[in-house]
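# Architecture and fold: a report
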Amino acid sequence: MKVLLVNGSPNVNGTTKFALNEVAKSLNEEGIETEIIDLGNKAINDCIACGYCASHEGCVFNDIVNEFVKKASEVDGFVFGSPVYYGHPTGRILSFLDRVFYSGKSVFKHKVGASVITLRRSGATASFDVINKYFTISNMFVIPSNYWNNVHGPSKEEAKYDLEGIETMHNLGKNMAYLLKAISLAKENNLPLPKLTFNERTNFISEKDKM
Ligand SMILES: Cc1cc2nc3c(=O)[nH]c(=O)nc-3n(C[C@H](O)[C@H](O)[C@H](O)COP(=O)(O)O)c2cc1C
C-alpha cells in the first residue's frame, strides 16, 4: 500500500515538508510506503477550461499534473499539504489540484485523502476546508485526526515546538493506515466498494422542472 504526499509550498524544506514528514513517518511505522512530491518554485499553469481533458487522456499542459495523475492511479492514498497564504492554500497547489481533479477525477474514487495546513498564525481551517473539497466531490474517504490538521510555525525550526500539531500529524497517519488496511481487508473478503450512479446532472433548473 502506498500514499503520495504533495508539498504545495515553494519551499522544499520548510514547515509543510516538516509536517508531511511527520505523517509519512507515522504511515511508515504501519508498513505503508510513502513518497513526498514537491511542487517546487516554478510556475504551475492554472486550468484554462479548454475542455481538452474531456476528449483526451490528461491535461493539455503536459507537465507535473499529468505525471502525478499517472502515479496517482497506482497508489491508495493522498496527503496534500500547503502553507496558508492570505488565509487560503497557495495558488500553486490550487492550480495543481484544479487540473489534477478536473482531468483525473476518476482515479481518486474510493481512495483515501487528507489535507495538511501549515501557518504562522491564522487561516488554517479555511485553507483546510478548501483542500478537503477536492476529496468530498470525488467520492474519496477523508481521514480525520484529533484536531484539524495543522502545524504552526513560520519555519520548521519553530514548528518542532508545536507538539500538539506534530501529534495531530502522527494520529492522522495512524488513522489513514487503519482505513487503508480496512479497505484492503474488505476487498480480500469480497465486500465490494459501493456501487454509485451518475445519471443526473442538473443545474438547479432541470428539463423535468421546465415541463
Ligand atoms: C505570501 C505569504 C502569505 C502568508 N499568509 C499567511 C496567513 O495568511 N496566515 C498565516 O498564519 N501565515 C501566513 N504566511 C506564513 C506561512 O503560512 C508560514 O510561514 C508557513 O509555515 C510556510 O510554510 P513553508 O515553510 O512550507 O513554505 C504567509 C506566507 C507568505 C509567503
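First, a word on what this report is: a plain description of the structure on this page.

What counts, and at which threshold
Residues numbered from 1 in each chain as written. Predicted model: local features only at pLDDT ≥ 70, side-chain atom pairs only at ≥ 80, totals over all residues. Heavy atoms only, no water. Helix = DSSP H or I, 4+ residues; strand = E, 2+ residues; numbered from the N terminus. Buried < 20%, exposed > 50% of the residue type's maximum accessible area, 1.4 Å probe, protein only. Polar contact = N/O pair within 3.5 Å; in protein donor to acceptor, adjacent residues only side chain to side chain. Contact = heavy atoms within 4.5 Å. Near = heavy atom within 4 Å. 1 Å grid on protein atoms, 1.4 Å probe; cavity = no way out; pocket = protein on both sides within 12 Å on 5 of 7 lines; lining within 4 Å. Sits in = over half its atoms within 2 Å of the grid points. Nonpolar A, V, L, I, M, F, W, Y, C, P; charged D, E, K, R; others polar. Points joined across faces, edges and corners; volume = space filled by probe spheres on them.

Glancing now at the environment of Leu97. Looking at where Leu97 falls in the secondary structure, it is placed in helix α4 (residues 91-104). Judged by relative accessible area, Leu97 falls into the buried class, the value being 0%. Considering only alpha carbons, one finds Leu97 and Ser184, 87 residues apart in sequence, at a separation of 26 Å.

Here Lys2 lies in strand β1 (residues 2-7). Within the structure, Lys2 has its side chain in polar contact with the side chain of Glu35 (distance 2.8 Å). In this structure Lys2 touches Ile32, Glu33, Glu35, Val75, Asp76 and Gly77, once residues within four positions along its chain are discounted.

This part covers the site of the ligand. Surrounding the ligand, one finds 17 residues, the nearest of these being Ser9, Thr16, Arg121, Ser122 and Gly153. Within the side chain of Asn11, an N or O atom sits 2.7 Å from an oxygen atom of the ligand. In this structure, an oxygen atom belonging to the ligand sits 3.2 Å away from a main-chain N or O atom of Arg120. Given that more than half its atoms are within 2 Å of the pocket grid, the ligand belongs to the second largest pocket. Counting residues per element, the ones that place at least two in the shell around the ligand are α1 (15-29), β3 (77-85) and β5 (112-119). Per-element tally for the shell around the ligand: the top contributor is β3, with three residues. Broken down by class, the residue content of the shell around the ligand amounts to six nonpolar, nine polar and two charged.

Another aspect to go through is the layout of surface pockets. There is about 770 Å³ of room inside the largest pocket. Taken together, 27 residues line the largest pocket, and the ones lying closest to its centre are Phe101, Tyr102, Gly104, Lys105 and Ser106. The greatest single-element share of the lining of the largest pocket, amounting to four residues, is contributed by α4. Counted by class, the lining of the largest pocket contains nine nonpolar, 11 polar and seven charged residues. Its boundaries defined by the atoms lining it, the second largest pocket holds a volume of some 220 Å³. Surrounding the second largest pocket, 15 residues form its lining, Thr15, Pro83, Thr118, Gly153 and Pro154 being those nearest its centre. When contributions to the lining of the second largest pocket are tallied by element, the ones reaching two or more residues are α1, β3 and β5. When grouped by side-chain class, the residues that make up the lining of the second largest pocket number four nonpolar, nine polar and two charged.

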